[in-house]
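Okay, here's what each chain looks like letter by letter:
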Amino acid sequence: MKRSFKDDFNMMAMLLIPIGVAVNIVGFQIANVLRLPIFLDTIGTILIGVIAGPWVALLAGLITNLINGIFNPVYFPYAITSIAIGVGVGYLSKAGMFKNIPKSIISGIIVTFIAVIVSAPITVLVFGGATGNTSSLLTATLLASGQEIWGAVFASSFIFEIADKIVSVLIVYFIVRKMSDRYLSKMNYGLLYMKRGGRK
């Protein structure tokens with residue numbers, strides 16, 4: 001299935017962007033209110049990446065961070081992370097990596113590595129290793145135990161990201177499974193996940 005950048009932005013995909021952004025923001029707020037040790041701010045981006053492709057997910061991730069950044073400027077630099085996640089998920093979906101639970105978990109691990117590789121340098125270089133979120137406490141603990149800053153940030157980021165991304169990917173997996181074939185048939189990558197012949 002070879003698709004161009006322009007092909008991905010059909011009307012259905014464009015209509016999905018505000019929904020995905022809203023899901024990201026609501027998930028993020030729920031995680032904050034409940035003080036969960038995960039973020040839940042990429043569920044919408046991942047969902048869009050799975051059924052609409054990498055470029056639409058890229059835009060949804062970018063918009064999410066720009067909106068969150070208005071309320072907390074810390075999130076502006078991490079727009080790069082959201083963009084990378086959207087693109088990564090889109091290509092994983094193209095490879096059929098969300099067709100069952102084991103593949104989805106593997107995808108969650110891959111997305112974790114993408115998130116950590118992109119976000120950890122931002123945390124160190126822009127914020128000096130701490131942004132004030134939950135993972136910063138673990139970073140401080142690791143630094144106090146003698147770890148150097150790069151190792152501490154990468155380790156704490158990985159621990160929090162892997163839980164968040166696997167939970168988020170599995171939520172998306174079950175959402176997609178509940179979608180009708182009629183709706184999926186209208187999405188760029190929906191054919192891969194249709195109940196008739198798409199899932200294996």
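Above this text you will find the structure in question.
Predicted, not measured: the structure shown is a model, and the values here were computed from it.

A. How the structure looks around the pattern of salt bridges. The final tally for this structure, using the stated rule, is two salt bridges. Ionic pairing is found between lysine 165 and glutamate 161, a salt bridge with its closest N-O pair at 2.5 Å. With lysine 165 and glutamate 161 both in helix H8 (residues 149–178), this residue pair falls four residues apart, about one helical turn. Each of the two residues, lysine 165 as well as glutamate 161, counts as buried. The closest approach of N and O atoms between aspartate 164 and lysine 165, which form a salt bridge, is 2.7 Å. Lysine 165 shares its class with aspartate 164; the two are buried.

B. Helix H2 (residues 11–33), seen in detail. The end-to-end C-alpha distance of H2 is 34 Å, a good match for the 33 Å that 23 residues give at a rise of 1.5 Å each. The axis of H2 is deflected most strongly, by about 25°, at isoleucine 17, and proline proline 18 appears within four residues downstream. By the burial criterion, the buried members of H2 are Ala13, Leu16, Ile17, Gly20, Val21, Asn24, Gly27, Phe28 and Ala31. Immediately downstream of H2, the backbone of arginine 35 shows phi near 55°, a positive value.

C. Structural context of the side chain of serine 107. Secondary-structure assignment places serine 107 in helix H6 (residues 101–127). The class for serine 107 is buried, based on a relative accessible area of 0%. Dropping the residues within four chain positions of it, serine 107 is found in contact with Leu92, Met97 and Phe98.

D. Highlighting H6. Between its first and last C-alpha atoms H6 spans 36 Å; for 27 residues at 1.5 Å apiece the expected length is 39 Å, and the two agree. Where H6 bends most, the angle comes to about 25°, and this point is serine 119, followed within four residues by the proline proline 121. Three or more residues of H6 are buried, namely Ser104, Ser107, Gly108, Val111, Thr112, Ala115, Val116, Ser119, Ala120, Ile122, Thr123 and Val124. Buried residues along H6 sit in contact with helix H5 (79–94) and H8. Of the residues that open H6, the one with a side-chain oxygen 2.9 Å from the backbone nitrogen of lysine 103 is asparagine 100. At the C-terminal side of H6, glycine 128 shows a positive phi close to 70°.

E. Representation of the packing of helix H3 (residues 43–52) against helix H4 (residues 54–71). Running from N to C, H3 and H4 cross one another at 165°; their axes reach a closest spacing of 8 Å. Looking at the two axes, H3 sits roughly antiparallel to H4. Crossing of H3 against H4: the hand is right-handed. Residues Thr45, Ile48, Gly49 and Ala52 of H3 lie in contact with H4, whose contacting residues are Val56, Ala57, Ala60 and Gly61. Class assignment of the residues belonging to the contact of H3 with H4 gives a composition of five nonpolar, three polar and no charged.

F. Molecular detail of the packing of H3 against H5. It is at 7 Å that the axes of H3 and H5 come closest, and there the two elements cross at 35°. As H3 packs across H5, the resulting crossing turns out to be right-handed. On H5, the residues that touch Thr45, Ile46, Gly49 and Val50 of H3 are Ser82, Ile85, Gly86, Val89, Gly90 and Ser93.

G. Looking closely at unusual backbone geometry. Even without a glycine there, the phi angle at arginine 35 is positive, about 55°. With respect to the secondary-structure elements, arginine 35 resides in the loop between H2 and H3. A positive phi angle, close to 55°, is found at leucine 40, a residue other than glycine. Mapped onto the secondary structure, leucine 40 falls in the loop between H2 and H3.

Parameters at a glance
- Residues numbered from 1 in each chain as written.
- Predicted model: local features only at pLDDT ≥ 70, side-chain atom pairs only at ≥ 80, totals over all residues.
- Heavy atoms only, no water.
- Salt bridge = Lys/Arg side-chain N within 4 Å of Asp/Glu carboxyl O.
- Helix = DSSP H or I, 4+ residues; strand = E, 2+ residues; numbered from the N terminus.
- Buried < 20%, exposed > 50% of the residue type's maximum accessible area, 1.4 Å probe, protein only.
- Expected span 1.5 Å × (residues − 1).
- Bend = angle between axes of the 7 residues up to and from the residue.
- Contact = heavy atoms within 4.5 Å.
- Polar contact = N/O pair within 3.5 Å; in protein donor to acceptor, adjacent residues only side chain to side chain.
- Axes fitted to C-alpha atoms, helices over the stretch in contact; angles between N-to-C directions.
- Parallel < 35°, antiparallel > 145°, perpendicular 65-115°, else oblique.
- Left-handed = near helix turned anticlockwise from the far one by under 90°.
- Nonpolar A, V, L, I, M, F, W, Y, C, P; charged D, E, K, R; others polar.

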